[in-house]
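Observations on the three-dimensional arrangement
The chain contents come next:
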Number of protein chains: 2
Amino acid sequence: MEDQAALARDDHGQIIFDVLAQACPSRETMEHITSRWGILALIALSEGTYRFNALRRRVSGVSEKMLAQTLQALERDGMVHREAQVTIPPKVEYSLTPLGREAARHLYGLIEWLEGEMPSVMDARAAHDRSRAGA
Amino acid sequence: MEDQAALARDDHGQIIFDVLAQACPSRETMEHITSRWGILALIALSEGTYRFNALRRRVSGVSEKMLAQTLQALERDGMVHREAQVTIPPKVEYSLTPLGREAARHLYGLIEWLEGEMPSVMDARAAHDRSRAGA
DNA sequence: CGGCATCCTCTAGGATACTG
DNA sequence: CAGTATCCTAGAGGATGCCG
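- As recorded in an unreviewed UniProt entry, chain A goes by the name Winged helix-turn-helix transcriptional regulator, listed as coming from Sphaerisporangium corydalis.

Given below as structure tokens:
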């Protein structure tokens, strides 16, 4: 297994080792963008600018609290831009920063691939469940 | 906002809409592979075959329970191949299926990009915290 | 409208002990 | 070694109410 670790470093560089170590600072950001609502917020915002409640309607199933929380984390990480007009009623617009657009692009590729492979996934599940039932 | 949704569909096709809807069957698989331990297990296994405890040591911080649970979900989704020898002591080897290798490749791209952008993220955080403190 | 704050629930996830 | 089963806690996440 030492060989495998060494091989991995040769193939891919240092990155793999970093991520698998727990003190890695990127784990936190990674979890922000790959969290349940983080992914969906980024994908939704890749469509364009949204106001808070419009975004909430777009990302179906998200609660007010979780959306606010998610957006704050993404804003702090520099993925989301928040533009607030202090009027009555208030108007707050959310959009992606260049960094956020890159993140969304990566996530988009993953989703697109997965959607295409879902038939394979469903087949694998059926086969798996069948062999379990048969045993 | 209707225009934005329509625009998104034109640009990217049906996929965005599917994912943002909650009944979407791919959300579940998506969460398996982008979950905290799902990502790390896939990345680790992209290095090669691992036995259970070796994998657990490789993915630092994962508990026995969560690793077993994660691997079962990924196996059922057809991402991970499990090869068990019924000997004493038992020997179980885990590796990626072609599907799993593709998933790992996408995740790897995301991680690699994020690692490279971490300085920007840290800067954004510092700026954000500073403006909050100043206000 | 866009939020905090509060309360409550439920599950992800860790620790421990046991089994084949 | 590779799990399963049990117990328990911490945090995710929803519902509600209030404020600028």
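1. Quick word on the side chain of B:Arg27
- With respect to the helices and strands, the residue B:Arg27 is situated in helix H3 (residues 26–34).
- Although B:Arg27 lies buried, it forms no salt bridge, and the closest oppositely charged side chain, B:Glu31, sits 5.6 Å away as judged by the N-O distance.
- At 3.4 Å, the side chain of B:Arg27 and the backbone oxygen of A:Ser60 are in polar contact.

2. Some details on the sheet that holds strand S1 (residues 50–51) of chain A
All names here are of chain A.
- The sheet built from three strands is open, its strands ordered S1-S3-S2 with antiparallel pairing. A strand with exactly one partner marks an edge of an open sheet, and here the two such strands are S1 and strand S2 (80–85).
- When S2 meets strand S3 (residues 91–96), the two strands line up antiparallel, connected through six bridges. Paired with alanine 84 across the bridge in S3 is valine 92.
- Docked against the sheet, helix H4 (residues 36–45) engages S1, S2 and S3, running at close to 95 degrees with respect to S3.

3. Structural notes on the pairing of strand S3 (residues 91–96) of chain B
Residues and elements named next belong to chain B.
- Pairing of strand S1 (residues 50–51) with S3 involves two bridges; the strand directions are antiparallel. By the bridge assignment for S3, tyrosine 50 is matched with tyrosine 94.
- Two successive antiparallel strands, strand S2 (residues 80–85) and S3, enclose a turn made up of five residues.

4. Concerning the sheet that holds S3(B)
Residue and element names in this part refer to chain B.
- Strand order in the open sheet made by the three strands is S1-S3-S2, with antiparallel pairing throughout. Edge positions in the open sheet fall to S1 and S2, since each of these has one partner strand only.
- Each of S1, S2 and S3 is contacted by helix H4 (residues 36–45), which is oriented at about 95 degrees to S3, the strand it contacts most.

5. With respect to the relation of the copies chain B and chain A
- Note on the copies: chain B fits chain A at an RMSD of 0.0 Å, the axial shift is 0.0 Å, and the rotation between them is 180 degrees. The transformation relating the two chain copies, once decomposed into turn and shift, fits a two-fold axis. When each C-alpha of chain B is compared by its distance to the rotation axis, B:Thr34 comes out closest, at 2.9 Å.
- Taken as a fraction of all interface residues of chain B, those also at the interface in chain A reach 100%, which identifies the copy contact as same-surface.

6. Some details on helix H3 (residues 26–34) of chain A
- Residues of H3(A) that are buried: A:Ser26, A:Arg27, A:Thr29, A:Met30, A:Ile33 and A:Thr34. Relative to the axis of H3(A), the buried residues are bounded by an arc of 165 degrees and lie together on one face.

7. Some remarks on the packing of aromatic side chains
All names here are of chain A.
- Within this structure, the stated rule accounts for two aromatic pairs over all chains.
- Relative to tyrosine 94, the ring of phenylalanine 52 has its centre 6.3 Å away and its plane inclined at 55 degrees; by these criteria the two rings are tilted. With phenylalanine 52 in helix H5 (residues 52–58) and tyrosine 94 in strand S3, the pair connects residues that are 42 residues apart, well separated along the chain. Each member of the pair phenylalanine 52 and tyrosine 94 is classed as buried.

8. Description of the interface of chain B and chain A
- Across the contact, 65 residues belong to chain B and 65 residues belong to chain A.
- Buried surface at the junction of chain B and chain A, both sides included, amounts to about 6,000 Å², of which 64% is carbon and sulfur.
- Taken as a group, B:Leu20, B:Arg76 and B:Trp113 account for 12% of the area that chain B buries against chain A, more than any other trio of residues on that side.
- At the junction of chain B and chain A, the tally comes to eight salt bridges.
- B:Glu28 is the salt-bridge partner of A:Arg125, the closest N and O atoms lying 3.5 Å from each other.
- Along the contact surface separating chain B from chain A lie 12 residue pairs in polar contact (both at pLDDT 80 or more).
- Of all elements in the fold, only helix H1 (2–12), helix H2 (15–20), H3, H4, helix H5 (52–58), helix H6 (64–76) and helix H7 (98–134) of chain B reach the threshold of two or more residues within the side of chain B that touches chain A.
- Residue contributions to the side of chain B that touches chain A peak at 21 residues, all from H7(B).
- Looking at side-chain class alone, the side of chain B that touches chain A contains 33 nonpolar, 15 polar and 17 charged residues.

Definitions and limits used
- Residues numbered from 1 in each chain as written.
- Chains lettered and ligands numbered in written order.
- Predicted model: local features only at pLDDT ≥ 70, side-chain atom pairs only at ≥ 80, totals over all residues.
- Heavy atoms only, no water.
- Helix = DSSP H or I, 4+ residues; strand = E, 2+ residues; numbered from the N terminus.
- Buried < 20%, exposed > 50% of the residue type's maximum accessible area, 1.4 Å probe, protein only.
- Lys, Arg positive; Asp, Glu negative; His and termini not counted.
- Salt bridge = Lys/Arg side-chain N within 4 Å of Asp/Glu carboxyl O.
- Polar contact = N/O pair within 3.5 Å; in protein donor to acceptor, adjacent residues only side chain to side chain.
- Pairing = 2+ DSSP bridges.
- Contact = heavy atoms within 4.5 Å.
- Axes fitted to C-alpha atoms, helices over the stretch in contact; angles between N-to-C directions.
- Least-squares fit on C-alpha atoms with pLDDT ≥ 70 in both.
- Arc of directions from axis to C-beta.
- Phe/Tyr/Trp six-rings, centres within 6.5 Å; stacked < 30°, edge-to-face > 60°.
- Buried area = accessible area lost by both parts, 1.4 Å probe.
- Nonpolar A, V, L, I, M, F, W, Y, C, P; charged D, E, K, R; others polar.

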